[in-house]
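# Observations on the three-dimensional arrangement
Listed below are the residues making up each chain.
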Amino acid sequence: MSAMTFGKAINTGLRRAMEQDPKVVLMGEDIGRLGGVFRITDGLQKDFGPHRVIDTPLAESGIMGTAIGMAYRGYRPVVEIQFDGFVYPAFDQIVAQMAKLHYRTRGMVKVPITLRLPFGGGIGSPEHHSESPEAYFAHTAGLRVVAPSNPQDAFTMIQEAIASDDPVVFLEPKRRYHDKGDVDESLAPGAALDMGSARVAVEGSDVTLVAYGPMVKTCLDAAVAASDEGVSVEVIDLRSLSPVDYGPLVGSVKKTGRLVVAHEASRTLGLGAELAAEITERCFYHLEHAPVRVTGFDVPYPPSKLEFHHLPDLDRILDGVDRALGRTNSLSGTEEEA
């Protein structure tokens, strides 16, 4: 067991996957000599060579198209898109080709591509450098979409994603890259929880609070703050956004009777809406209050000095918990509450 940052945990997981399978190839802008803008691939080109850690041109569509061709030939490409807002030029390759080829060929063609995508805000970046595009990919049949929230999961889940024969969109919460945590490097991928499984991060009895990626840490802090007021919050780390592991969510909501979902992405048609709808269908007679969403706003991502007004913080999550409990909250007495 050793302490390492979230970013170092991904680096270590990538190294482990490359050591175990010579067909694993990394591709992306500035990932070689520079080690990537976040230094996630630091040292890998030096140790594995430029034929396995490939500095690509600044052309996301071309990068993804090349990766699909390499997957056809038996390689396992791991593509880094430098920032979430840069993924859109490659959108057609991702949703129309990468997501569909395995299904179209009835399994004859495998597309074992891992798309590493730093996502979310909180680092004060300029325009197009902080986005939350997860709903686009979770909506696309044929893609697995996962989002680790801590260094241990980052280490194991990146190896699982690379080993999977399914194409995987691997969402990395960029504002958590420097967060530290214990990592058991002897823990084999999937030994505790596979990347498709949700986990109960903190047990509670009054409210179920669901999050993924960057928001999990904030929700854990909210659970601690709520306990000071005598409220027991159960925090669930979703981990997989597509497919969703509903078992732990259903079990938790049947126990607590209340659901709060938190994410950075915009509210309308965000993942929280799907979770709320599905839990309402499955747990209708157990719910004591309508599900509550605590999300970013329905606006283009704001300038860096305003982003912390956009991102759900501790106070907004606690306010959502109060709403689910029917306590006085920011909407009390308004038409929206009614």
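Scroll up a little and you will see the structure.
Figured I'd write up the structure that's included with this text. Quantities reported herein were computed from a predicted structural model and do not represent experimental measurements.

## Describing the environment of Gly28
The residue Gly28 is located in strand S2 (residues 24-28) in this model. Residue Gly28 is classed as buried on the basis of its relative accessible area, which comes to 0%. In this structure, the C-alpha to C-alpha distance between Gly28 and Ile54, residues 26 residues apart in sequence, is 6.6 Å. Apart from residues no more than four positions distant in its own chain, Gly28 is found in contact with Ile54, Asp55, Thr56 and Glu80.

## What about the packing of aromatic side chains?
Counted under the stated rule, the structure contains 8 aromatic pairs. Ring centres of Phe284 and Tyr285 lie 5.2 Å apart, and the angle between their planes is 90°; on these two criteria the pair is classed as edge-to-face. One aromatic cluster is present, formed by Phe6, Phe38, Phe83, Phe86 and Tyr177 through successive ring pairs. Cation over ring: Lys23 sits above Tyr75, and NZ or CZ is 4.5 Å from the ring centre.

## Comments concerning the nonpolar core
With 46 residues, the main nonpolar core has Ile94, Ile113, Phe137 and Leu249 as its most contacted residues. Elements supplying a minimum of two residues to this core: S2, helix H3 (60-72), helix H4 (91-98), strand S5 (114-119), strand S7 (168-173), helix H9 (246-256), strand S13 (259-266) and helix H10 (271-283). Residues contacting Ile94, with those up to four places away along its chain left out, are Met64, Val87, Ala99, Leu115, Phe137 and Leu143. Formed by 27 residues, the second largest nonpolar core is a distinct cluster that contains Met4, Ile40, Val168 and Val183.

## Overview of H10
Its 13 residues place the ends of H10 18 Å apart at the C-alpha level, agreeing with the 18 Å of an ideal helix rising 1.5 Å per residue. Among the residues making up H10, those that are buried are Leu271, Gly272, Leu275, Ala276, Glu278, Ile279 and Cys283.

## Overview of the pattern of salt bridges
Within the structure shown, the criterion is met by 18 salt bridges. Taking the shortest distance from any N to any O, the salt bridge between Asp84 and Lys174 comes out at 2.7 Å. Of the two residues, Asp84 sits in the loop between strand S4 (76-80) and H4 while Lys174 sits in the loop between S7 and strand S8 (180-183), which places them 90 residues apart along the sequence. Considered together, Asp84 and Lys174 belong to a single accessibility category, that of buried residues. We note a salt bridge from Asp237 to Arg199, for which the minimum N-O separation is 3.2 Å. You can see Asp237 sitting in strand S11 (residues 233-237) and its partner Arg199 sitting in strand S9 (residues 199-202), a full 38 residues away along the chain. Because the salt bridges share partners, they merge into one network encompassing Asp153, Arg199, Asp237 and Arg239.

Reading guide: rules and limits
Residues numbered from 1 in each chain as written. Predicted model: local features only at pLDDT ≥ 70, side-chain atom pairs only at ≥ 80, totals over all residues. Heavy atoms only, no water. Helix = DSSP H or I, 4+ residues; strand = E, 2+ residues; numbered from the N terminus. Buried < 20%, exposed > 50% of the residue type's maximum accessible area, 1.4 Å probe, protein only. Contact = heavy atoms within 4.5 Å. Phe/Tyr/Trp six-rings, centres within 6.5 Å; stacked < 30°, edge-to-face > 60°. Lys NZ or Arg CZ within 6 Å of the ring centre and 35° of its normal. Core = buried A, V, L, I, M, F, W, Y, C linked by side-chain atoms within 4.5 Å. Expected span 1.5 Å × (residues − 1). Salt bridge = Lys/Arg side-chain N within 4 Å of Asp/Glu carboxyl O.

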